[in-house]
Amino acid sequence: MHKKMTHISREDLEDLREAFNKVDIDNSGYVSNFELQELFREASFSLAGYQVREILETFAAGDTNKDEKISFEEFVAIYQELKSKKLSETFRKSITRRDGIQSFGGMSGISSVGTQHSYSDEEKVAFVNWINKALAKDPDCSHLLPMNPNDNSLFTSVRDGILLCKMINLSQPDTIDERVINTRKLTTFTMTENLVLALNSASAIGCTVVNIDALDLMVGKPHLVLGLFWQIIKVGLFADIEISRNEGMISLLSEGKSLDHLMSLSPEELLLRWVNYHLSNAGTQTINNFSEDIKVPLTTNTFYGSDLWTLSGLLVPQDSRAYFHLLDQIAPRGEHDFMSVKIDMSGLNERDPDQRAELMLQQASRLDCRQFVTARDVTAGNSKLNMAFVANLFNTHPALQSGHVNGLEADRPEPESREEKTFRNWINSLGVNPYVNHMYHDLCDGLVILQLYEKVNVPVNWKKVNQPPYPALGANMKKLENCNYAVGLGRNVAHFSLVGIGGENLNEGSPMHILALVWQLMRRYTLLVLSDLGDGEKVGEQIILNWVNTTLSQKQKDSHISSFRDLHISTSLPVIDLLDVIAPGTVKWDMVKRPERGVMKTADKLNNAKYAVSLARKIGARIYTLPDDLVEVNPKMVLTLFACLMGHGLKKAHR
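Residues numbered from 1 in each chain as written. Predicted model: local features only at pLDDT ≥ 70, side-chain atom pairs only at ≥ 80, totals over all residues. Heavy atoms only, no water.

### Some words on the overall build of the protein chain
A count of helices and strands for the protein chain gives 26 helices and 8 strands. Across the 655 residues that make up the protein chain, the buried fraction comes to 54%. Partitioning the contacts of the protein chain with sequence separation of at least 6, the portion at a separation of at least 24 is 62%. Accessible surface for the protein chain amounts to roughly 30,400 Å². Of this, 49% is attributable to carbon and sulfur atoms. (Helix = DSSP H or I, 4+ residues; strand = E, 2+ residues; numbered from the N terminus. Buried < 20%, exposed > 50% of the residue type's maximum accessible area, 1.4 Å probe, protein only. Contact = heavy atoms within 4.5 Å. Areas by Shrake-Rupley, 256 points an atom, 1.4 Å probe, with all protein chains shown as cover.)

### As for helix α23 (residues 573–582)
Of all the 10 residues making up α23, 10 are buried; the element is thus mostly covered by neighbouring parts of the structure. Of the residues making up α23, those classed as buried are L573, P574, V575, I576, D577, L578, L579, D580, V581 and I582.

### Quick look at the nonpolar core
Counting residues in hydrophobic clusters, the biggest one holds 174 residues, and the most contacted among them are W274, Y453, I544 and F642. The element best represented in this core is helix α10 (residues 222–238), accounting for 11 residues. Listed in part, the 19 residues of the second largest apolar core include V31, F40, F75 and V76. (Core = buried A, V, L, I, M, F, W, Y, C linked by side-chain atoms within 4.5 Å.)

### Topic: unusual backbone geometry
Residues L145 and P146 are joined by a peptide bond in cis, for which omega reads 0°. Along the chain, the position of P146 falls in the loop between α5 (121–134) and α6 (153–157). Of note, the phi angle at F372 is positive, near 80°, even though the residue is not glycine. Structurally, the position occupied by F372 is in the loop between α14 (353–366) and α15 (375–379). You will see that H495, though not glycine, has its phi angle at about 60°, which is positive. Residue placement: H495 occurs in the loop between α19 (475–492) and α20 (503–507). A relative accessible area of 63% means that H495 is categorised as exposed.

### A few points about the packing of aromatic side chains
By convention here, two paired aromatic rings are described through the distance between centres and the angle between planes. According to the stated counting rule, one finds 7 aromatic pairs in the structure shown. Considering the side-chain rings of W274 and F394, the 5.3 Å spacing of their centres and the 90° angle between planes classify their relative orientation as edge-to-face. A residue pair is termed long-range when its members are at least 10 positions apart, and W274 in helix α12 (residues 267–281) and F394 in helix α16 (residues 383–396) qualify at 120 residues. Residues W274 and F394 agree in their burial class; the two are buried. A cation sits over an aromatic face here: R17 above F72, 3.9 Å from the ring centre. (Phe/Tyr/Trp six-rings, centres within 6.5 Å; stacked < 30°, edge-to-face > 60°. Lys NZ or Arg CZ within 6 Å of the ring centre and 35° of its normal.)

### Digging into the confidence of the model for the protein chain
Across the protein chain, the average pLDDT comes to 85, with 81% of residues at 70 or higher. Predicted confidence is poor over residues 86–116, with pLDDT under 50, and the contacts of this stretch with residues over four places away or in other chains come to 87 contacts. Note that residues 299–316 has pLDDT below 50 and, in this model, 37 contacts with residues that lie over four places away or in other chains. (pLDDT = per-residue confidence, 0-100.)

### Re the environment of S203
Structurally, the position occupied by S203 is in helix α8 (residues 188–204). Sequence-wise, S203 and N428 are 225 residues apart; in three dimensions their C-alpha atoms are separated by 8.3 Å. Excluding anything up to four places from it in sequence, S203 contacts V209, N425, S429, R622 and Y624. A polar side-chain atom of S203 sits 2.8 Å from a polar atom in the side chain of Y624. (Polar contact = N/O pair within 3.5 Å; in protein donor to acceptor, adjacent residues only side chain to side chain.)

Rendered as structure tokens:
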């Protein structure tokens, strides 16, 4: 039975680190077991001698390398257990030794609030196989890969943060400047830095990490590790399932529908439409989902035959048959034989569903696309893994004609701007529901905007809000009422500048008006941290600017900025100097480019910007500013970056 564990806050964790460092006088990263009682005294958690001896007896039983030393992680785990349930009779039974890390009860199933969690072993196997293949040639991961999909390697692999950083860059290239990742002579401190970098970078690409911290990952909580990996992998898989990035998807436009309708679909909906486009071309039955229409009913294994078959008069899902036809449609058909792949369709007549799915996967492997699913995952209708399997098929073999609808060339839509993407990722990182795929369409009913108000401490009366499903008649009126309420809150409660903005502008998906409102929400979200640190004092831009320049001058830095539009910011040197003041020793100056004869090349500016953004995230600042924002001196995003650094610096100073 799992225990309810007490959550350890970041502040508590820092206090424990301080106590540990006082006892670890040689900075080895370990304390001797006989120093444990002193360690708890430093942490203001006194224990009787017999209690310490009981801990040490249990610890010795699990100490496989017999080094009689206790690491910081082991100390935190012991502390958390004691704080949760003092010393219970089950204390000894709840201790397990795993890869040199002592962990106490709740490792695989209890969150910080005591809620029981479970995880899918199938997902674990799928993610391990995907990571093994994707990062097989990365020398920085050679100490971790290949992982064994049949044990808990995945959960322990995230401990040093390197693998997570690499996976983020695989999904969204150049998110992290890899010069910032600690890869040598790893200590608990440098591993924690990597994990903080990974979490803040994951947030910047739209992953929800509000309930995860570095300690959760360091101890390898399975449900959190799997959840984070799925978000990161999904971002990469879905990156190109977007019309402006793949104009061939215009071919998926249904007759009588506008391009706007197609652009409003989520990646999942577009994937389903892509599959059905090819199934229709194959002259076979389409599917409605990646679960029920793919899984095999329990009583169908004795029936086989045509693509469309029935049982007791009911239509039976196609199961892996749909994938056979999909593979046949997308397989390369080059002019030369060596470029072609002919799919063997004989597996359609296999009686056993699992074996039929296995034969299908053997054909998928010929396209180098046997990832994410086993035969059993297909027949069981695992929606998440089936969707990942299909997304990988799309990314490698879309087999779509470029930009034609009914034989006519269609206009290619404008790609998402950098500002739109930044705002969308910020919104999604806060855990709003539903997930925002399209900045304007997904905000036009007001629900996401109202959730953002709550994130910035503007109270929302949800009794006034119309919730989906909306009625068939009057649906847009219900959405408009929500948008009117959102504008009213912004104008009357949040005191935003909303001149010329009405609920109808949000409801119509007006880019200019939605961006104006979302920017003010993001700005308020950023400045709230500073208000909390300043006893509720309202913080304006001039206060942030003054803090930046004062902080720089106090440490005799040459950098100075006159405003958040100062062109000197394009070099990123003011940001890097500020980081050096806030976190001394963080900056590796040989990585930093300097102007030559007063001029800096654009490539050098971008090099500095990438380094600065990743360093800021590494020290704990959750920023959404992108390197290009610094190079181009985008005043909005420059403001949020300096505000986040100010918040981080003040918080550190108040400890």
